[in-house]
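So the chains spell out like this:
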Amino acid sequence: WEFNGSFHQPSAFLMMGIPGLEALHPWISIPFCALYLTALLGNCVILFIIRRTQSLHEPMYYFLSMLAVTDLGLALCTLPTTLGLFWFNVRRIGFDACLTQMYFIHILSFIESSVLLAMAFDRFIAISHPLRHPSILTKTTVLKIGLAIVLRGMVSLLPIPFLLKRLTYCGKTELSHSFCFHPDIMNLACADIKVNVFYGMIILLSTVGMDFIFIVLSYILIIRTVVSLTTREECLKALNTCVSHICAVLVFFIPMIGLSMIHRFGKNVPPLVNTLVAYTYLIIPPALNPVIYSIKSTHIREALLRALRRKRG
C-alpha cells in the first residue's frame, strides 16, 4: 500500500480469471487464443482488403474500417492481461496501469458504439436517399464523423481515471475480471462513490444509450422506406444490405447492456455469470464482426477470393 496525501491507493490490483475453474485455466486459454487470433487476423484482413480494393472505397466500407480498427484495439487491450493470467497466473496489475487499461477499454467501447450508429445512418441514407448518398457522405464528411467519434469518447471519459484516483482504497484489491473495468475498480473503494456512479451513469446514457436509441430509430425509418418499395425483391435486397450491421449491433449491445445491469443491480448474480458476460462483451464482437462481414458482404468476400487467387498465381 502507498500513502498518498490524505488517502490510500493500492500499489496494485489482483485480477481474477474464471471463478471455480482456476485449475483449468491452461485449457480454457485455448478457446480464448482462438478468439483473439480470429479477432486480430480477421480485422487485419478486412483492413487489407478494403485498402487494396478500389471499388470498396465508399462510406459503408470506410465505417467498416473504423469498426475493424476499434475491434483490433479492444482485442489488444485485454489480450496481455487475460492470456498472462491464464498461461502464467500473472494476477498483479499496477494501479496506474489498471487505470490506463480501463480508460482505453471504455474509450474503444464508446467508439464502437458510435461507429455502429454511423453505419446505421449510412444504411438509412443509402436506402432512403440513394441518389443523394454520395453527395451527403463524402470522404471529408466521413473523416469528420470519425474524428468527432474519437474526440467524443476521449473527452467524455477523461475525468474517470481522476475520479478513481481521488478515492480511498482499503483492504480488498481483487478485481472481478482479467482486465480493469470502471464499476469493478470503483466498488473496491471504501469511500463515497456517488460522484463516480452518477458521472458513469450520465456518460453511459448520453453516449452509448443515445447511440442505441438512434440506431433503433434509423431502422424504424429504414423499415418504413423498405415497406414502401413496390416489389418483394427490392425489399429483400434493401434489407439484405443491413443484415451484417444488425448482427454487429446485437453482438455488441446485448452483452454490454447485460454487463452494465449486472455491475449496477446484480449483487446476487453468481460470479461465473458476471465473468462470462464480461468476456462475451469484450472478446466476442472483435472476433465475430470480421466473420459476419466476410460471410454476408458479397463485395468483401469477392475481394478476398481475388486476393487469394493472386497469391496462388
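Please read these numbers as outputs of a predicted model, since none were measured by experiment.

Student: Is there a simple way to explain the overall build of the chain in this structure?
Tutor: Each helix and strand in the chain was counted, giving twelve helices and four strands. For 313 residues, the compact-globule estimate of 2.2 N^0.38 gives 20 Å, and the C-alpha radius of gyration of the chain, at 21 Å, lies within 12% of that figure. Each principal axis of the C-alpha atoms in the chain carries an extent, and together these give about 65 × 45 × 35 Å. Here the chain, with 313 residues, has 48% of them falling under the buried criterion.

Student: What am I meant to see in the pattern of salt bridges here?
Tutor: Opposite charge on two side chains lets them pair, provided their charged atoms get close. With the rule as written, the count across this model stands at four salt bridges. Two residues, Arg123 and Asp122, come together in a salt bridge whose shortest N-O distance is 3.0 Å. In terms of burial, Arg123 and Asp122 fall into one category: buried.

Student: Mind showing me how you'd approach the UniProt feature "transmembrane region" (unreviewed entry) in the chain here?
Tutor: Residues annotated in UniProt with the feature "transmembrane region" (unreviewed entry) correspond here to residues 24-50, 62-88, 100-121, 142-164, 197-222, 243-264 and 276-295. With 96% helix and 0% strand, the stretch residues 142-164 has end C-alpha atoms that lie 35 Å from each other. The annotated region residues 243-264 carries 100% helix and 0% strand content, and the separation between its end C-alpha atoms amounts to 32 Å.

Student: Which parts of the structure should I look at to understand empty space enclosed by the protein?
Tutor: Left-over empty space is what a probe sized like a water molecule reveals as it rolls over the atoms. Evaluated as defined, the whole model comprises four cavities of 30 Å³ or more. By volume, the largest cavity amounts to about 200 Å³. Along the wall of the largest cavity there are 17 residues; nearest its centre are His106, Phe110, Gly200, Leu204 and Arg264. Those elements giving two or more residues to the lining of the largest cavity turn out to be α3 (95-128), α7 (182-186), α8 (194-227) and α10 (243-265). Ranked by residue count, the leading element in the lining of the largest cavity is α10, at five residues. A breakdown of the residues in the lining of the largest cavity according to their chemical character gives ten nonpolar, six polar and one charged. The space that makes up the second largest cavity amounts to roughly 70 Å³. Lining the second largest cavity we find Met60, Met119, Asp122, Arg123, Thr241, Ser244, His245 and Tyr293. When contributions to the lining of the second largest cavity are tallied by element, the ones reaching two or more residues are α3 and α10. Looking at which element gives the most residues to the lining of the second largest cavity, the answer is α3, with three residues. Its residues assigned to classes, the lining of the second largest cavity comprises three nonpolar, three polar and two charged.

Student: Even after reading the chapter, I still don't get the packing of α10 against helix α11 (residues 271-296), so can you show me in this structure?
Tutor: A pair of packed helices can be characterised by two numbers: the angle between their axes and the separation between those axes. Two elements in contact, α10 and α11, have axes separated by 9 Å at closest approach and are oriented at 175°. Of the possible angle classes, the one that applies to α10 and α11 is roughly antiparallel. The residue makeup of the contact of α10 with α11, split by class, is 18 nonpolar, seven polar and one charged.

Student: Which parts of the structure should I look at to understand the state of the cysteines?
Tutor: Any covalent bond linking the sulfur atoms of two cysteines counts as a disulfide. Throughout the structure, instances matching the rule amount to two disulfides. At a sulfur-sulfur separation of 1.9 Å, the disulfide partner of Cys98 is Cys180. Given an S-S torsion of about -120°, the disulfide between Cys98 and Cys180 has left-handed geometry. Here Cys98, found in helix α3, pairs with Cys180, found in the loop between α6 (159-165) and α7; they are 82 residues apart in sequence, far enough to count as distant. When its relative accessible area of 0% is taken as the criterion, Cys98 is described as buried. A sulfur-sulfur distance of 1.8 Å marks the disulfide that ties Cys170 to Cys190. Of the two residues, Cys170 is situated in the loop between α6 and α7 and Cys190 in the loop between α7 and α8; the sequence distance between them amounts to 20 residues. For Cys170, a relative accessible area of 39% puts it in the partly exposed group. The cysteine Cys44 is free of any disulfide, with Cys77 supplying the nearest cysteine sulfur at 15 Å. Classification of Cys44 by relative accessible area gives partly exposed; the value is 41%.

What counts as what
- Residues numbered from 1 in each chain as written.
- Predicted model: local features only at pLDDT ≥ 70, side-chain atom pairs only at ≥ 80, totals over all residues.
- Heavy atoms only, no water.
- Helix = DSSP H or I, 4+ residues; strand = E, 2+ residues; numbered from the N terminus.
- Rg over C-alpha atoms; globule rule 2.2 N^0.38 Å.
- Buried < 20%, exposed > 50% of the residue type's maximum accessible area, 1.4 Å probe, protein only.
- Salt bridge = Lys/Arg side-chain N within 4 Å of Asp/Glu carboxyl O.
- UniProt positions renumbered as here; feature names shortened; annotations may be inferred.
- 1 Å grid on protein atoms, 1.4 Å probe; cavity = no way out; pocket = protein on both sides within 12 Å on 5 of 7 lines; lining within 4 Å.
- Points joined across faces, edges and corners; volume = space filled by probe spheres on them.
- Nonpolar A, V, L, I, M, F, W, Y, C, P; charged D, E, K, R; others polar.
- Axes fitted to C-alpha atoms, helices over the stretch in contact; angles between N-to-C directions.
- Parallel < 35°, antiparallel > 145°, perpendicular 65-115°, else oblique.
- Disulfide = S-S within 2.5 Å.

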